[in-house]
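Single-letter residue listing:
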Amino acid sequence: MNQVSGKKLKVALLGCGVVGSQVVRLLREQADDLAARIGAPLELAGVAVRRLGRARDVDVDPALLTTDAEALVTRDDVDIVVEVIGGLEPARSLILAAMRGGKSVVTANKALLAEDGATIHAAARDGGADLYFEAAVAGAIPLIRPLRESLAGDHVRRVLGIVNGTTNYILDKMDASGASFSDALEEAQALGYAEADPTADVEGFDAAAKAAILAQIAFHSRVTAADVHREGITEITAADVASAREMGYVIKLLAICARSEDGRTFGVRVHPAMIPRDHPLAGVREAYNAVFVEAESAGRLMFYGAGAGGAPTASAVLGDIVAVARNRLSGARGPEESTYADLTVHPMGETVTRYHVSLDVADKPGVLARVAEMFAKQDVSIQTVRQEGLGADAQLVLVTHRASDAALSATIEGLRELDIVRDVVSVMRVEGEDAS
């Protein structure tokens, strides 16, 4: 056990909501253990909030509360700033002000890191400060540190995961009960898994920000949210889920970061996809997260756990606080931004995978031949085909071999122009069959 010194390390907390209140609780309840692990006690210097009189999930000494966040983060006696307010501003300005004063920062702000991580990392470097952000991706799951420290000597090939608990809950309920998207979303909102405005989750923005952070660390190249191909789950129907089930698949919203075969480029994408039911990610239920990492030497690694929530996320924040505090005591610094590889993000059109295509077609002779001809025209090979329904309700369901996204898109455009195709009902990628 570390010898506890008399020096106190002072922590400024920005935000006292769902996560911030749990950070306050843990700092208080685990004070002795934290001091022993660090070698010095932690003291909460202040808590910046928007409204002083608001009811909170934890009792906070009123003397610690302030609405002047800038004054708090620039105080000379503050050593560590913890940011859990989220959003771009004022979080960015406050973090930069803290780092200019040499203060280390712990943040859970995935949106800011995905949007303007380069500026934040540069400020940390220039200010001689640490920047830790384990809680920004997948809540309590230890993922960032293994990627940027434990696997620093390895060559990561792919990161594939479920990084948004809201969408996983919705899709899991649709799969388990046959519910529609709207009904599953309503249930998620009633249970507190989804916000009143669920756009960031169901349209994939939250997962895209996390994917950008994971890709940057995994491939040592700068990535922003704008580099991520993003699709949400609002168009997923109960029929899509049922069709996947019949084929032995389950639909998940996946974040996929993968190097090209030659290793010179990589893709970053978030979209719903079918995965085999024996894939490690297929069994991730309700609001849990899981990330599957493939590295050249370490092989396949799986990280699983609670991806959100006040206490789980606060646990990750506390872990970062301990690491930062130890560094400040020893005069060391944690890992800095690594972009040495400077690889290029390739366009979505170059992504190669398999596809599940459902077509509403006319009940006429020769329909399958004309559909197959359109696939062949774009050099997209069909692996399986089956017909669902009869007469006016006939649908063709096709699963392709691996093809580029550009070729599949051209195929779909051609199919829409055929008089025998009444509607392209759904197009979904098929992933994960090489990892089951």
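Here, residues in each chain are numbered from 1, in the same order as that chain's written sequence. Since the coordinates come from a predicted model, pLDDT governs what is reported: local features require at least 70, and pairs of side-chain atoms require 80 or more to be given and counted, while whole-chain, interface and lining totals use all residues. Each side-chain value is worked out from all heavy atoms of the structure, with water and hydrogens disregarded.

By definition, two strands form a pair when at least two bridges between them are found by DSSP. Only DSSP runs of H or I with at least four residues qualify as helices, and only runs of E with at least two residues qualify as strands; both kinds are numbered from the N terminus onward. The six strands lie next to each other as S3-S2-S1-S4-S5-S6, forming an open sheet whose pairing is parallel. Every interior strand has two partners, whereas the edge strands, strand S3 (65–66) and strand S6 (131–132), have only one. For this analysis, residues touch if any pair of their heavy atoms sits within 4.5 Å. Every angle, taken between N-to-C directions, lies between 0 and 180 degrees, and every axis is a line fitted to C-alpha atoms, over only the stretch in contact when it is a helix. Seen against the sheet, helix H4 (residues 91–100) touches strand S1 (9–14), strand S4 (80–83), strand S5 (104–107) and S6 and runs at an angle of roughly 150° to S5.

Cis geometry is found at the peptide bond from Glu89 to Pro90, where omega equals 10°. In this fold, Pro90 is placed in the loop between S4 and H4. At His220, a position not held by glycine, the phi torsion is positive, near 50°. Note that His220 resides in the loop between helix H10 (205–219) and strand S8 (229–230). Burial classes follow relative accessibility: with a 1.4 Å probe on protein chains only, a residue under 20% of its type's maximum area counts as buried, one over 50% as exposed, and anything between as partly exposed. Of the residues examined, His220 reaches a relative accessible area of 15% and is grouped as buried. Even without a glycine there, the phi angle at Asp342 is positive, about 50°. Note that Asp342 resides in the loop between helix H12 (310–330) and strand S13 (344–345).

The next subject is the environment of Val367. Tracing the sequence through the fold places Val367 in helix H13 (residues 367–377). For the pair Val367 and Leu418, spaced 51 residues apart in the sequence, the C-alpha separation amounts to 9.9 Å.

As for its placement among the helices and strands, Asp172 is situated in helix H7 (residues 165–177). On the basis of relative accessible area, Asp172 is assigned to the buried category, the value being 4%.

On to the nonpolar core. Counting 80 residues, the largest nonpolar core has Met99, Leu143, Ile170 and Leu214 as the members making the most contacts within it. A total of 11 residues in this core trace back to one element, the largest contributor, which is H10. The residues contacting Ile170, other than those within four sequence positions of it, are Phe181, Ala184, Leu185, Ala188, Val202 and Ile233. Among buried residues, the Ala, Val, Leu, Ile, Met, Phe, Trp, Tyr and Cys ones that are joined through side-chain atoms within 4.5 Å form a nonpolar core. Counting residues in hydrophobic clusters, the runner-up holds 34 residues, among them Val23, Val24, Leu65 and Val84.

Look at any regular strand and the pattern is simple: side chains alternate between the two faces of the sheet. Of all seven residues making up strand S2 (residues 42–48), six are buried, and the element is well covered by its neighbours. The sheet contact formed by S1 and S2 spans six bridges and is parallel. Bridge assignment links Lys10 to a residue of S2, and that residue is Glu43. Bridge analysis of S2 against S3 gives two bridges, and the strand direction is parallel. Along S3, the bridge assignment pairs Val47 with Leu65.

The periodicity of an α-helix, 3.6 residues per turn, causes residues three or four places apart in sequence to face the same way. Each residue after the first adds 1.5 Å to the expected span of a helix. Helix length check: H7 (13 residues) gives 18 Å between terminal C-alpha atoms against 18 Å at 1.5 Å per residue, within 8%. Judged by how many residues are buried, H7 sits mostly within the fold: 11 of 13 residues are covered. By the burial criterion, the buried members of H7 are Gly165, Thr166, Thr167, Asn168, Tyr169, Ile170, Leu171, Asp172, Lys173, Met174 and Asp175. In this fold, the buried residues of H7 make contact with strand S7 (156–162), helix H8 (181–190), helix H9 (199–202), helix H11 (238–246), strand S9 (249–259) and strand S11 (288–295). Here a polar contact is taken to be a pair of N or O atoms separated by no more than 3.5 Å, where protein atoms must pair a possible hydrogen donor with a possible acceptor and residues adjacent in sequence count only if both atoms sit in side chains. Among the residues of H7, the N-terminal cap falls to Asn164, whose side-chain oxygen and the backbone nitrogen of Thr166 are separated by 3.2 Å. Just downstream of H7, Gly178 is the residue with a positive phi angle, here 80°.

Moving on, we come to a nonpolar patch on the surface. Patches were defined on residues exceeding 30% relative accessible area and lacking a salt bridge, with like-charge contacts within 9 Å and nonpolar side-chain contacts (Val, Leu, Ile, Met, Phe, Trp, Tyr) within 5 Å. Values of accessible area rely on a 1.4 Å probe in the Shrake-Rupley scheme; residue burial ignores everything except the protein chains shown. Salt bridge, as used here: a side-chain nitrogen of Lys or Arg that lies within 4 Å of a carboxyl oxygen of Asp or Glu. A surface patch of nonpolar side chains, about 300 Å² in accessible area, is lined by Tyr288, Met302 and Tyr304. Within the element layout of this structure, Met302 appears in strand S12 (residues 299–306). With relative accessibility at 35%, the residue Met302 sits in the partly exposed group.

Two numbers describe how helix H2 (residues 31–38) lies on H12: the axes approach to 9 Å, and their chain directions differ by 40°. With respect to H12, the element H2 is oriented oblique. Relative to H12, the crossing made by H2 is right-handed. For the pair H2 and H12, the contacting residues are Leu34, Arg37 and Ile38 in the first and Leu318, Val322, Ala325, Arg326 and Leu329 in the second. Residues are grouped as follows: Ala, Val, Leu, Ile, Met, Phe, Trp, Tyr, Cys and Pro are nonpolar; Asp, Glu, Lys and Arg are charged; all remaining types, including Gly, are polar. Each residue belonging to the contact of H2 with H12 can be placed in one class, and the counts come to six nonpolar, no polar and two charged. By the definition adopted for this analysis, an angle is roughly parallel if under 35 degrees, roughly antiparallel if over 145, roughly perpendicular if from 65 to 115, and oblique otherwise. By convention, the crossing between two helices is left-handed when the near helix turns anticlockwise from the far helix through less than a right angle, and right-handed when the turn is clockwise.

Here the focus is the packing of aromatic side chains. Only rings of Phe, Tyr and Trp enter the pairing, Trp through its six-membered ring, and a pair is recorded when the two centres are within 6.5 Å. The plane angle decides the type: under 30 degrees is stacked, over 60 is edge-to-face, the rest tilted. Scanning the entire structure with this criterion turns up three aromatic pairs. Ring centres of Tyr169 and Tyr193 lie 4.7 Å apart, and the angle between their planes is 40°; on these two criteria the pair is classed as tilted. With Tyr169 in helix H7 and Tyr193 in the loop between H8 and H9, this residue pair connects regions lying 24 residues apart in the sequence. Under the relative-accessibility criterion, Tyr169 is labelled buried at 2%. Ring geometry for Phe219 and Phe266: centres 4.9 Å apart, planes at 45°, overall tilted. Here Phe219, found in helix H10, pairs with Phe266, found in strand S10 (residues 265–276); they are 47 residues apart in sequence, far enough to count as distant. Note on geometry: a ring has a charge over it if NZ (lysine) or CZ (arginine) is within 6 Å of the ring centre and within 35 degrees of the ring normal. Sitting over the ring of Tyr132, Arg148 keeps its end group 5.1 Å from the ring centre.

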